[in-house]
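Per-entry structural report
One-letter residues, chain by chain:
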Amino acid sequence: MNQSNLLELPLILDAESALLIDYFGHDSLEAIFAIEQEAHKFPWAKSHFISSLNSSHHCLVLKKREHIFGYMIVSFAADEAELLLLVINRAVWGQGLAK
């Protein structure tokens, strides 16, 4: 991962439930790719995720212990950020996790 430390992670959202945001790496790719396939009619290819992981993109995961609820990929340039992808696992849709 070539991600700079713009964000101080992990970010604990709820200590009681252990819900947190952290960077993800190649070791999480299979689980994330499975969620991507289910969430989109035209999902990103696995090569897009690998490219993001190997670039300066921030690849973030929303998880509780080892269960992945969602992920996002953000590109930062100068003083701007571009949200490239934001996905919530269908199993937890409607629970406000993307707010």
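Before any of the text, the structure's been laid out above.
Fair warning: this is a prediction, and the values are worked out from it, not measured in the lab.

One pass over the full model with this rule turns up 4 aromatic pairs. Between Phe24 and Tyr71 the ring centres are 6.4 Å apart and the planes differ by 80 degrees, which places this aromatic pair in the edge-to-face class. You can see Phe24 sitting in the loop between strand E2 (19–23) and helix H1 (29–39) and its partner Tyr71 sitting in strand E4 (residues 67–77), a full 47 residues away along the chain. The pair formed by Phe24 and Tyr71 is uniform in burial state, with each residue classed as buried. Chaining the aromatic ring pairs together yields one cluster made of Phe24, Phe33, Trp44, Phe49 and Tyr71.

Take the side chain of Ser52 next. Positionally, Ser52 belongs in helix H2 (residues 46–53). Of the residues examined, Ser52 reaches a relative accessible area of 2% and is grouped as buried.

Strand order in this open sheet of 5 strands is E1-E2-E3-E4-E5, and the pairing throughout is antiparallel. If you trace the sheet from one side to the other, it starts and ends with strand E1 (11–14) and strand E5 (80–88), each paired once. Going from strand to strand, the sheet's axes swing by 20 degrees on average, the running direction of each strand aside. By the bridge criterion, 7 bridges tie strand E3 (residues 58–64) to E4 in an arrangement that is antiparallel. Bridge assignment links Leu60 to a residue of E4, and that residue is Met72. Across the face of the sheet, H1 comes into contact with E4 and E5 while running at roughly 90 degrees to E4. Sitting on the sheet, H2 is in contact with E3, E4 and E5, with an inclination near 60 degrees to E4.

The rules behind the values
Numbering of residues begins from 1 in every chain and follows the order in which that chain's sequence is written. Note on the predicted model: pLDDT of at least 70 is required for a residue's local features to be given, and 80 or more for side-chain atom pairs to be given and counted; whole-chain, interface and lining totals, by contrast, use all residues. To get the side-chain values, take all heavy atoms of the structure and skip hydrogens and water. Any pair of Phe, Tyr and Trp rings, taking the six-membered ring for Trp, is counted once the centres come within 6.5 Å. Such a pair is stacked with planes under 30 degrees apart, edge-to-face with planes over 60 apart, and tilted for the rest. Under the DSSP-based scheme used, a helix requires at least four consecutive residues in state H or I and a strand at least two consecutive residues in state E, with every element numbered from the N terminus. For every residue, the accessible area (1.4 Å probe, protein chains only) is compared with the maximum for its type, and the residue is labelled buried under 20%, exposed over 50%, or partly exposed between those bounds. A strand pair is defined by DSSP finding two or more bridges across the two strands. Axes here refer to lines fitted to C-alpha atoms; in helices the fit is confined to the stretch in contact. Angles between the N-to-C directions go from 0 to 180 degrees. Any two residues whose heavy atoms approach within 4.5 Å are treated as being in contact.

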